[in-house]
Every structure is written in C-alpha cells, then in structure tokens.
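# Overview (structure and organization)
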Amino acid sequence: MNYRVPFVDPKEHYRRIKSEIDCAITSTLGNGDLVLRQQLRDFEQHLAEFVGVKYAVGVGSGYHALHFSLLAAGVGQGDEVITVAHTFVATVSAIVHSGAKPILVDVAADYNMDVGALEAAITSRTKAIIPVHLNGRVCDMDCVMAVADKHRLHVIEDAAQALGASFNGKKAGSFGLTGCFSFYPFKALGGLGDGGAVTTDDPEVARFVTLLRFNGEDRQTGEFLHHGYTALLDNVQAAVLDVKLRYLPSWIEHRRKMASLYREGLEGIEGLRLPHFPGDEYYDSYQNYVIQTQHRDELRQYLRDLGVETLVHWAKPLWEHKDLALENHGLPETESICREVISLPMSAETTLEHVKVTVSSIRDFFTAQPIALQTGVAP
Ligand SMILES: Cc1ncc(COP(=O)(O)O)c(C=O)c1O
C-alpha cells in the first residue's frame, strides 16, 4: 500500500544525501577496504566522541552489542539479569544466550524501567541490570546507578533507541559498563542493513568486544584468545554511518520539533495519552512518538484508511510468546501498554505537513465519533 504519510521513507532518506553516501561507498569499495579498515576506526572514534566515552567498538547488530556486553561483564550460567518486560525481544534473548536468567520488571509512565520494581527484583544471583532507554528517552540513570552501586551490579545500557538522547547532559550509552547501540536501517542513525556498537570507558571491555566480534583473534599475533563470533560492523557500513552521524544532531532536532507539533495538535483529547514526561534534565531524541489509547486498534484502522501508516511496539507481552518460555510476572503496565500503544510517523524524512495530516486525522477520529468511542463500538 502506498501511504500518504509513510511511517518511514528509506528512498527519500537516501535521495537527500545521495551524493555523500555514494561517495563514501564508491571510495571504500574502490580502495578495496572491506574489513576492519580506516573507515571503521574513524566511525568508531567519531561515535565515541559523540557519546562522550573513550571507546566505541562496531559490531554486527544491537543484539551482538548486548550479548558481548553481558559476556564482558562476566555474566553466565546461574546468574540473573534484570531488565524490562516492555522491550524488543533482543534485549531478553541476549540474556538467555549468555546463559543467565532474565528477570523482567515493569515499566513506569514514561515506558522506562520502574526503578522501585528494580530494587525488589534483586537477589543474591543478580549480576547485572539492563535499563532500556525506550523510544529515545534515557532512564533515570541517577536511580539506576545508585541501585547498581549499592548492590555491586553491572549496568549495561540498551541504548538501541536512544543515540543522542541525554540525561543531566550525559548521553545514553555513557553511564554503565557499556552502552549498546543498533544501526538497524530504521533507527535514528540507520545503516544499510544490520549493525551495532558497544560504547565503554573500560579499555579491557573494548578489547574483549573487539576480539569477540572477529572470532576471538588477536590481529597482531594471530592467536585465538577466545571462542568468538563472526559479528563485524562492515567497513562500507561504517563509511556510510560516519556520513550520517554528522547529520544526526539536526535529525534529532527535527524529531523534537515534530514531537512539539504532535503535542500542540493532540493535547487535550480525552482518553489519549501523549509521550511528554516531566523533567528538564531529559533531552529526548524521539526514536518513536508513542501515543496511548484504549481505542488503539480502531484508531489504527481509521488512520490506515486515510493513508497514515503507524506501527505497534509491541502487541503482546514477551511472556505470551509461549515458545520463549519466559515467566509471566503479571506486569500490569506492560500488559496495558501492549493493548494501547501506537507509534506515529517520526523519521528524518517525515515532514511537518505529514505531522499536520496525522494530527488532524487523529482529531477527526476522536471528535467525529465520540458516542461510538464511549460505548466501545468501533467507529
Ligand atoms: C530496545 C532495543 N534493543 C535491542 C535491539 C536490537 O538491535 P538489532 O536489531 O540491531 O539487533 C533493538 C532493535 O530494534 C531495540 O529496539
């Protein structure tokens, strides 16, 4: 289906910076620089500077960033790792693949970890915490770090959705032992395919991840120091990401402008919750603009009929995917979020006109058919 307002527009994204992207690709390929070359080192250095840490190590995906971080923290069989239930499955799969048991806690009103629930979930087996900075908003890292310090736990930030977001002037990915980023094509900084990075201030962690991503090989000596993985961030990808990283601050500002327009246009609609949360200390990057309503499915259909594309992150709690064999902790916020959230168009290519169309379509839905909504009958 051709949407009037697409959720994302990769063709338009490419068109706008085509000459720079083409130049990065052709010069990388022209030099035969395919694996572990200067382009990767340059991108890693720029990413580390951007996040405000000493090291960034490119890896094959956000998943690998999480998995390698857990291994770097020494997490393994018999350990427990606390994270949120309301996250992408990769956060939890990384814990499972490290050999540890995921302990899922609920989220608070801003969709991030409920810090009260965090402390209650700690046991003698807990080894690490993975706060997830969802939708481009950093968790309250003062609280998370205080709890972690008190109980001597590692913090691995899942910052896959939050590159460029900050809390108290400190960027996502610079608080914990590591920050884990994803360059999946539709992230704020999206590559040509899968990609990710680990950020850290710890030289040992950076070295360990550098070994793991390339089969455990010490490139200087040829010695295999670990049973590793094949999980490089490809050089061509790094060259393209390095171009895009220069645009990221302006893309985030554009996202923030669209978020204010959504707010202006949608504020005051009864039964509609908007993602604007208190706290001047937060700088949100709006990877997703998520609204919440009990009439989610009807609203989605209504918008689809008008040519406005939306997504749902995520339609059922992870523990309801039976084959994952996760414990059902009965987390009420996560459950209601799954029933009610809807993500509106929000990308570097989404125009202010797109936002206006989306806002007026949502307003029409709520104002044109209030009786149907009150009685629960689909309009
Ligand atoms: C919160 C979160 N964690 C982890 C990941 C995994 O990243 P990747 O898809 O690059 O493996 C994603 C990607 O969607 C994500 O949104």
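Below you will find a few notes about this structure. (Residues numbered from 1 in each chain as written. Predicted model: local features only at pLDDT ≥ 70, side-chain atom pairs only at ≥ 80, totals over all residues. Heavy atoms only, no water.)

### Side note on unusual backbone geometry
Following His 313, the chain continues to Trp 314 via a peptide bond in cis, the omega torsion being 5°. If you trace the backbone, Trp 314 turns up in the loop between α10 (296-305) and α11 (332-340). Phi is positive for Asn 135, close to 60°, though the residue is something other than glycine. Position of Asn 135 among the secondary structure elements: in the loop between β4 (126-130) and α7 (141-151). Even without a glycine there, the phi angle at Asn 168 is positive, about 55°. Tracing the sequence through the fold places Asn 168 in the loop between β6 (166-167) and β7 (170-171). (Helix = DSSP H or I, 4+ residues; strand = E, 2+ residues; numbered from the N terminus.)

### Regarding the site of the ligand
Surveying the vicinity of the ligand reveals 15 residues, the closest of which are Gly 62, Tyr 63, Asp 158, Ser 182 and Lys 187. Between the ligand and Gln 161, the relevant distance is 2.9 Å, taken from an oxygen atom to a side-chain nitrogen or oxygen of the residue. Here an oxygen atom of the ligand sits 2.7 Å away from a polar atom, N or O, in the side chain of Ser 182. Top element by residues in the shell around the ligand is helix α4 (residues 62-72). It accounts for three residues. Its residues assigned to classes, the shell around the ligand shows six nonpolar, seven polar and two charged. (Near = heavy atom within 4 Å. Polar contact = N/O pair within 3.5 Å; in protein donor to acceptor, adjacent residues only side chain to side chain. Nonpolar A, V, L, I, M, F, W, Y, C, P; charged D, E, K, R; others polar.)

### Observations regarding helix α3 (residues 38-51)
Its 14 residues give α3 an end-to-end C-alpha distance of 20 Å, which sits within 8% of 20 Å, the value for a rise of 1.5 Å per residue. All of the buried residues along α3 are Gln 39, Leu 40, Phe 43, Glu 44, Leu 47, Ala 48, Phe 50 and Val 51. Viewed along the axis of α3, the buried residues span an arc of 165°, placing them on a single side of the element. Of the surrounding elements, those touching the buried residues of α3 are α2 (18-30), β1 (55-59), β7, β8 (178-182), β9 (196-200) and α9 (235-266). Residue Gly 52 follows α3 closely and has a positive phi angle near 90°. (Expected span 1.5 Å × (residues − 1). Buried < 20%, exposed > 50% of the residue type's maximum accessible area, 1.4 Å probe, protein only. Arc of directions from axis to C-beta. Contact = heavy atoms within 4.5 Å.)

### Quick notes on the layout of surface pockets
Computed from the structure, the largest pocket encloses a volume of approximately 600 Å³. Secondary structure elements with two or more residues in the lining of the largest pocket: α4 and α5 (89-98). By residue number, the principal contributor to the lining of the largest pocket is α4, which donates three residues. Residue composition of the lining of the largest pocket, by class: 14 nonpolar, eleven polar and four charged. Size it by volume and the second largest pocket reaches roughly 400 Å³. In this structure, the second largest pocket is lined by 18 residues; those nearest its centre are Leu 36, Thr 210, Arg 213, Arg 219 and Gln 220. Mapped by element, the contributors of at least two residues to the lining of the second largest pocket are α3, β1 and α8 (203-212). With four residues, the top contributor of residues to the lining of the second largest pocket is α8. Residues belonging to the lining of the second largest pocket are distributed by class as follows: eight nonpolar, two polar and eight charged. (1 Å grid on protein atoms, 1.4 Å probe; cavity = no way out; pocket = protein on both sides within 12 Å on 5 of 7 lines; lining within 4 Å. Points joined across faces, edges and corners; volume = space filled by probe spheres on them.)

### Quick notes on the packing of aromatic side chains
Inspection of every chain in the model, using the stated rule, returns twelve aromatic pairs. Seen in terms of ring centroids, Phe 167 and Tyr 282 are 5.0 Å apart; in terms of plane orientation they differ by 50°. Their pairing is tilted. With Phe 167 in strand β6 and Tyr 282 in strand β10 (residues 282-283), the pair connects residues that are 115 residues apart, well separated along the chain. Assessed through its relative accessible area of 2%, Phe 167 is described here as buried. Residue class for Tyr 282 comes out buried when judged on its relative accessible area of 15%. Measuring from centroid to centroid gives 5.6 Å for Tyr 247 and Trp 251, while their planes differ by 15°, and the two rings are stacked. Taken together, the residues span about one helical turn, with Tyr 247 and Trp 251 both in helix α9 at a distance of four residues. (Phe/Tyr/Trp six-rings, centres within 6.5 Å; stacked < 30°, edge-to-face > 60°.)

### Notes on the sheet that holds β10
On the basis of which strands lie adjacent, the open sheet formed by three strands has the order β7-β6-β10 and antiparallel pairing. Each edge of the sheet is formed by a strand with only one pairing partner; in this case those strands are β7 and β10. The pairing of β6 with β7 spans two bridges and is antiparallel. Counted as the bridge partner of Ser 166 is Lys 171 from β7. (Pairing = 2+ DSSP bridges.)

### Examining the sheet that holds β1
Taken in spatial order, the seven strands make up an open sheet running β1-β9-β8-β5-β4-β2-β3, and their pairing is mixed. Edge positions in the sheet fall to β1 and β3 (101-105), since each of these pairs with one other strand and no more. Ignoring strand direction, the axes of neighbouring strands in this sheet form an average angle of 25°. Sheet topology note: the strand β2 (residues 80-84)/β3 ladder contains five bridges and is parallel. The residue bridging Glu 80 from the neighbouring strand is Lys 101, located in β3. Sheet strands in contact with α5 are β2, β3, β4 and β5 (154-158), and its direction is about 150° off that of β3. Contacts between α8 and the sheet are confined to β1, β8 and β9, with β1 contributing the most and set at about 15° to the helix. (Axes fitted to C-alpha atoms, helices over the stretch in contact; angles between N-to-C directions.)

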